[in-house]
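One-letter residues, chain by chain:
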Amino acid sequence: MSFGHFKIPVNKPFLPNQEVFQNYLHSAWERNWLTNHGPLVKELEKKISDFVQIPYVLFVNNGTFAIQLAIKALGIQGEIITTPFSYVATTNSILWQGCTPIFADIHPKTLGIDPSKLEEKITSNTKAILATHVFGIPNDVEILQKIAENYTIPVIYDGAHSFGCEFKGKSLLSYGDISTVSFHSTKLFHTVEGGAVFTSNEFLYQKMKQLMNFGHTDLNEFESPGVNGKNSEFHAAMGLANFDSISQIIEKRKQLFNYYKQILPEMNLEFPEIPNHTQYNFPYFPIILNNETALLYLKEKLETNGIESRRYFYPSLSKLNYLENKQQDTPISDSISERILCLPLYYDLTFAEIDSICELIEFYL
Ligand SMILES: *Cc1c(COP(=O)(O)O)cnc(C)c1O
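What this report covers is the structure whose coordinates are included nearby. As the structure is a prediction and not an experimental result, all values here were calculated from the model. (Residues numbered from 1 in each chain as written. Predicted model: local features only at pLDDT ≥ 70, side-chain atom pairs only at ≥ 80, totals over all residues. Heavy atoms only, no water.)

Quick look at the site of the ligand
To keep it simple, the criterion reads: Throughout this document, a residue counts as near a molecule or strand when at least one of its heavy atoms sits within 4 Å of that molecule or strand. Under the rule applied, a polar contact is a pair of N or O atoms within 3.5 Å (in protein, one hydrogen donor and one hydrogen acceptor; residues adjacent in sequence only if both atoms are side-chain atoms). Put simply, DSSP H or I for four residues or longer makes a helix, DSSP E for two residues or longer makes a strand, and each gets a number counted from the N terminus. Side-chain classes follow a simple rule in which Ala, Val, Leu, Ile, Met, Phe, Trp, Tyr, Cys and Pro form the nonpolar group, Asp, Glu, Lys and Arg form the charged group, and the remainder, Gly included, forms the polar group.
The local shell around the ligand holds 15 residues, among which Thr64, Asp158, His161, Ser182 and Lys187 are the closest. Between an oxygen atom of the ligand and a side-chain N or O atom of His161, the distance comes to 2.6 Å. The contact in question runs from an oxygen atom of the ligand to an N or O atom on the side chain of Lys187, over 3.1 Å. Put simply, the parts of the chain that give the shell around the ligand at least two residues each are α3 (63-73) and α4 (88-96). A class-by-class count of the residues in the shell around the ligand yields 3 nonpolar, 10 polar and 2 charged.

The following block contains the structure:
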């Protein structure tokens, strides 16, 4: 397997103006304040909160911890119904918190949890729902909300891909009891490493704030067995330096995304569907092939020509070999996982590069 020397990688982190970044670092130097709820972290949290119009935001060390923190703060122990089609961090967070993932199959077009499959899985042991807005595509948030209310269980959204995405005029991150994002450098908006939790519930906010800071309620007072989920002034500086480019990044991705769609052949290819009322953020460009053989063949031919592509997301998480109770009834996720491939999409990608990628696809499909 070749790595790191592709002519066209599948992803390239966005880099801000270096001087802007240096100015933020310079201010941290002046203060000699590097971490622990510093002014840059506070400023970033405020900017993010205003941007998504959600009152409570905590900037944490990564997107995986954000999911763990949400599970912990809601006091969930036991079974969590979740999606089999996501990055492995979603399932691993459930397992790491000592909970049991129960997989509900996905909708074949929007790739989120299929509400009818979800309802079939609910029992008296169900403690929560953890769904991923995979590729930033909204889950059926209103129906999921109704189901959750009927059974009085909380909903957590892994919104790792959802930053900048809106549904029905609100940030997609405002749905559910707690939503999380990842600000990893491969994500559309990043802080090198980082993530955040979002809630409109003040109690949950205070709880999470405590749990990510050793359980402190005062300097020498501790109320819960908290751990360290803080992020630093350096990471906040990267976020602040990137912040003003968010709309520009999304706009450029939109153009590249639409160009792919315009020139890719329609035969033997499918694309996920974006539901109505979505103001989309274009975080990835996935294509769905007819079968795994076609995928492996195309992937290899692209690689031979210096183009990286990635199997997001494979395997279907219900097939992970370390699961104690393997679950066999997620045929749609299993099938999509075998056939889905993400093509290069990043700010610096050019239309000419998309031309050359699509020519190869047309040839080898
Ligand atoms: C990237 C990602 C995560 C994890 O985020 P990190 O910041 O890398 O820990 C979780 N879930 C999904 C769906 C992701 O793509």
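Points about the side chain of Thr82
As a reminder of what qualifies: Partly exposed residues are those whose accessible area sits between 20% and 50% of the maximum for their type, while under 20% is buried and over 50% is exposed, using a 1.4 Å probe and protein chains only. In what follows, residue pairs with any heavy atoms lying within 4.5 Å of each other are defined as contacts.
If you trace the backbone, Thr82 turns up in strand β2 (residues 79-82). Assessed through its relative accessible area of 0%, Thr82 is described here as buried. Not counting residues within four places of it along the chain, the set of residues in contact with Thr82 comprises Thr90, Ile94, Pro101, Ile102, Phe103, Ala104, Ile113 and Leu130.

Observations regarding the state of the cysteines
Note the threshold: Counting rule for disulfides: a pair of cysteine sulfur atoms within 2.5 Å.
A complete count under the given rule lists 0 disulfides for this structure. The thiol of Cys358 is unpaired, and the distance to the nearest cysteine sulfur, on Cys342, comes to 14 Å. Residue classification places Cys358 among the buried residues on the basis of a relative accessible area of 4%.

As for the pattern of salt bridges
As a reminder, the rule being used: Any carboxyl oxygen of Asp or Glu that lies within 4 Å of a side-chain nitrogen of Lys or Arg is treated as forming a salt bridge with it.
Taken as a whole and assessed by the stated rule, the structure comprises 11 salt bridges. Salt-bridge contacts for Glu270 lead to Arg339; the nearest nitrogen and oxygen are separated by 3.9 Å. Of this pair, Glu270 sits in the loop between α9 (246-263) and β12 (278-279) while Arg339 sits in helix α11 (residues 331-339); the two residues are 69 residues apart in sequence, bridging distant segments of the chain. By relative accessible area, Glu270 is classed as partly exposed at 32%. Taking relative accessible area as the criterion, Arg339 reaches 15% and is therefore assigned buried. Salt bridges here are not isolated pairs; linked through shared partners, they connect Lys109, Glu270 and Arg339.

Structural notes on the packing of helix α2 (residues 39-52) against helix α8 (residues 233-243)
Stated formally: Where helices are involved, their axes are fitted lines through C-alpha atoms of the stretch in contact, as for all axes, and angles between N-to-C directions lie from 0 to 180°. By definition in this entry, angles of less than 35 degrees are roughly parallel, angles greater than 145 are roughly antiparallel, angles of 65 to 115 are roughly perpendicular, and the rest are oblique. Crossings are sorted by hand: turned counterclockwise from the far helix by less than a right angle, the near helix makes the crossing left-handed, and turned clockwise it makes it right-handed.
It is at 8 Å that the axes of α2 and α8 come closest, and there the two elements cross at 40°. Considered as vectors, α2 and α8 are oriented oblique to each other. When the axes of α2 and α8 are compared, the crossing they make is left-handed. Residues Pro39, Leu40, Val41, Glu43, Leu44, Lys47, Ile48 and Phe51 of α2 touch α8, and the partners they reach there are Glu233, Ala236, Ala237, Gly239, Leu240 and Phe243. Broken down by class, the residue content of the contact of α2 with α8 amounts to 10 nonpolar, 1 polar and 3 charged.

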